[in-house]
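# Remarks on the overall topology
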Amino acid sequence: YLTWLRDTITGGAALVQEFLPGTEYGLALLGNPGHGFAAFPPLEVDFSELPEDLAPILSFESKTGPETPYSKVRIRRASLDEGTVARLERHAERLFERLQCHDYARFDFRTAADGEIKLMEVNPNPAWSPEAKLAIMAGFGGVAYPELLRAIVETALARIAAT
């Protein structure tokens, strides 16, 4: 596959990422460096009802509608201990600042074969829809969807006013 990538993407770059086979988590931050952050309770992606012949990943098919086998994937509040959540929040805050995110972002983590939770990706502009992970995590924290939208806008306005 790497040979095929090299031959297909001539003059370009390819990112090769370790497959992390364990539990997937999401964590969202609202805020900005220097002004503080609010972290919503993290989520866990439950692939347990996915047919065994399908990869336990949130593929394109998992996001295209209820007609796919990926409709069996569920999102629930993560069952992580407080220390792990605090560690993920610290990592997310540092990444937020280093990657120069603004106002809100989502951080996806996955557990490696050795049990270590590793960063999978940073989404600096996650979907705002009521069904999206950002809104789901806000709901875990008792923040209703309209309140989430208001908080994002108010956070952006506070950042702009401070510049």
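Throughout what follows, the structure given in this document is the object of discussion. All values reported here derive from a predicted model rather than from experimental measurement.

## Topic: the environment of Leu43
- Tracing the chain through its elements places Leu43 in strand E3 (residues 43-46).
- Taking the relative accessible area as the measure of exposure, Leu43 reaches 0% and is therefore buried.
- Setting aside residues no more than four positions away along its own chain, Leu43 makes contact with Glu24, Tyr25, Gly26, Ile75, Arg76, Arg77, Ala78, Lys133, Met137 and Phe140.

## Notes on a nonpolar patch on the surface
- A surface patch of nonpolar side chains, amounting to about 530 Å² of accessible area, comprises Tyr1, Leu2, Trp4 and Val16.
- Positionally, Val16 belongs in the loop between helix H1 (2-8) and strand E1 (24-32).

## Structural notes on a positive patch on the surface
- Residues Arg87, Arg90, Arg94 and Arg98 make up a contiguous surface patch of positive charge.
- For Arg87, the position within the fold is in helix H2 (residues 82-98).
- Judged by relative accessible area, which is 30%, Arg87 ranks as partly exposed.

## Description of helix H3 (residues 133-140)
- Regarding H3, the residues found buried are Lys133, Leu134, Ala135, Met137 and Ala138.
- Buried-residue contacts for H3 involve E1, E3, strand E5 (103-111) and helix H4 (145-161).

## Some points on the packing of aromatic side chains
- Under the counting rule described, the total for this entry stands at 2 aromatic pairs.
- Ring plane angle 70° and centroid distance 4.8 Å describe the contact between Phe37 and Phe96, whose orientation is recorded as edge-to-face. With Phe37 in strand E2 (residues 36-39) and Phe96 in helix H2, the pair connects residues that are 59 residues apart, well separated along the chain.
- Taking the relative accessible area as the measure of exposure, Phe37 reaches 26% and is therefore partly exposed.

Parameters at a glance
- Residues numbered from 1 in each chain as written.
- Predicted model: local features only at pLDDT ≥ 70, side-chain atom pairs only at ≥ 80, totals over all residues.
- Heavy atoms only, no water.
- Helix = DSSP H or I, 4+ residues; strand = E, 2+ residues; numbered from the N terminus.
- Buried < 20%, exposed > 50% of the residue type's maximum accessible area, 1.4 Å probe, protein only.
- Contact = heavy atoms within 4.5 Å.
- Patch = residues over 30% accessible without salt bridge, like charges linked within 9 Å, V, L, I, M, F, W, Y side chains within 5 Å.
- Areas by Shrake-Rupley, 256 points an atom, 1.4 Å probe, with all protein chains shown as cover.
- Salt bridge = Lys/Arg side-chain N within 4 Å of Asp/Glu carboxyl O.
- Lys, Arg positive; Asp, Glu negative; His and termini not counted.
- Charge placed at Lys NZ, Arg CZ, Asp CG, Glu CD.
- Phe/Tyr/Trp six-rings, centres within 6.5 Å; stacked < 30°, edge-to-face > 60°.

This is a description of form; function is not addressed.
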